[in-house]
Amino acid sequence: MSELKRLSGRVALVTGGSRGIGRAIALRLAREGARVAIDFVAHIREAEEVIAQLKDLGVQTACIQADVSNADSARTLVREAARALGKVDVVVNNAGVEKYAPFWDITEADYDKVLGVNLKGAFFIAQEFARQHIASKSAGKIINISSVHEVLPFPGFAPYCLAKGALGMLTRTLAIELAPFGITVNGVAPGAIETDINQSVLRDPELTSALLAKIPLRRMGKPDEVAGIVAFLASSEADYVTGSTYFVDGGLTWNYVEAHGKKAA
Ligand code: BGC
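Treat the numbers as computed from the prediction; the structure is a model and nothing was measured.

### Let's talk about the nonpolar core
Piece 1. With 35 residues, the main nonpolar core has Leu13 and Ile142 as its most contacted residues.
Piece 2. Put simply, the parts of the chain that give this core at least two residues each are strand S1 (11-14), strand S3 (61-65), helix H3 (71-85), helix H4 (108-136), helix H5 (158-178) and strand S6 (183-190).
Piece 3. The element contributing the most residues to this core is H4, with 9 residues.
Piece 4. Not counting chain neighbours up to four residues away, the residues in contact with Leu13 comprise Ala37, Leu77, Val78, Ala81, Val88, Val90, Val91 and Val92.
Piece 5. Core analysis: the next-biggest nonpolar cluster, separate from the first, contains 34 residues, Ala24, Val92, Ala227 and Val248 among them.

Right, dumping it as structure tokens:
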């Protein structure tokens, strides 16, 4: 991997970088040469593990505690990352939570938490990042980690779907509004990826095979398969890409196969 180094000299902030897909993204960007800041809310031990791994890769790092669902704390996170590592060229809005509940049982607190972390956090982090780049007249890249549920309904997860759907619209709207300042904005929409968020499925063979039956490539994705697209979008190879969301889902989103009984002539 060391021969790639397409992110040398760049600084990336990866929210939710202590676990799951965020951890894979943080490590991948570092392997490609970037200095990387991550944040955490509660999982300090996992964050410290990632920081140790990042240091082993020989890159400068920063670890900042932040609750991204609070606008002030989201803005402060961007400022602290820039202070610690000199600047932030790439922000990866990865922090996310989901919670299962039937629609009729969702509480206001759950709604606020899911929308707060997945959407409001990304919004105010992007805003602070844009303000900094507009002031310093420097190019930048915003990458929003959404989900196949940006477009695909997920019964039992209505707030999560709302947040991810809106994140897709944030990606497209900001791509246009920030283009004059040289800031690109793209999304990555993972499907079923082998991380903690899917532990309940992975522990149950029946649930796992039901899920795999819906995925045309018949396997779950690996966190690094998401991280690879993020590294591309963070690099200058993607300078002309803005307003796009890349689905990394083994074909899940478009999987509709109809039993039709018709015969070819
Ligand atoms: C969710 C997972 C789900 C996957 C595919 C992701 O956004 O976080 O819980 O398995 O989408 O449905």
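### Describing the packing of aromatic side chains
Piece 1. The final tally for this structure, using the stated rule, is 4 aromatic pairs.
Piece 2. An aromatic cluster of three or more residues is present, and its members are Tyr100, Phe154 and Phe157.

### Digging into the site of the ligand
Piece 1. Near the ligand the following residues occur: Glu98, Ser147, His149, Tyr160, Gly191, Ala192, Ile197 and Asn198.
Piece 2. Between the ligand and Tyr160 there is a distance of 2.8 Å, counted from an oxygen atom to a side-chain nitrogen or oxygen.
Piece 3. Note that an oxygen atom of the ligand is positioned 2.9 Å from one of the side-chain N or O atoms of Asn198.
Piece 4. Contact with the protein chains covers 90% of the free accessible surface of the ligand, which is 310 Å².
Piece 5. For the shell around the ligand, the residue count by class is 3 nonpolar, 4 polar and 1 charged.

Cut-off values and rules
- Residues numbered from 1 in each chain as written.
- Predicted model: local features only at pLDDT ≥ 70, side-chain atom pairs only at ≥ 80, totals over all residues.
- Heavy atoms only, no water.
- Core = buried A, V, L, I, M, F, W, Y, C linked by side-chain atoms within 4.5 Å.
- Buried < 20%, exposed > 50% of the residue type's maximum accessible area, 1.4 Å probe, protein only.
- Helix = DSSP H or I, 4+ residues; strand = E, 2+ residues; numbered from the N terminus.
- Contact = heavy atoms within 4.5 Å.
- Phe/Tyr/Trp six-rings, centres within 6.5 Å; stacked < 30°, edge-to-face > 60°.
- Near = heavy atom within 4 Å.
- Polar contact = N/O pair within 3.5 Å; in protein donor to acceptor, adjacent residues only side chain to side chain.
- Areas by Shrake-Rupley, 256 points an atom, 1.4 Å probe, with all protein chains shown as cover.
- Nonpolar A, V, L, I, M, F, W, Y, C, P; charged D, E, K, R; others polar.

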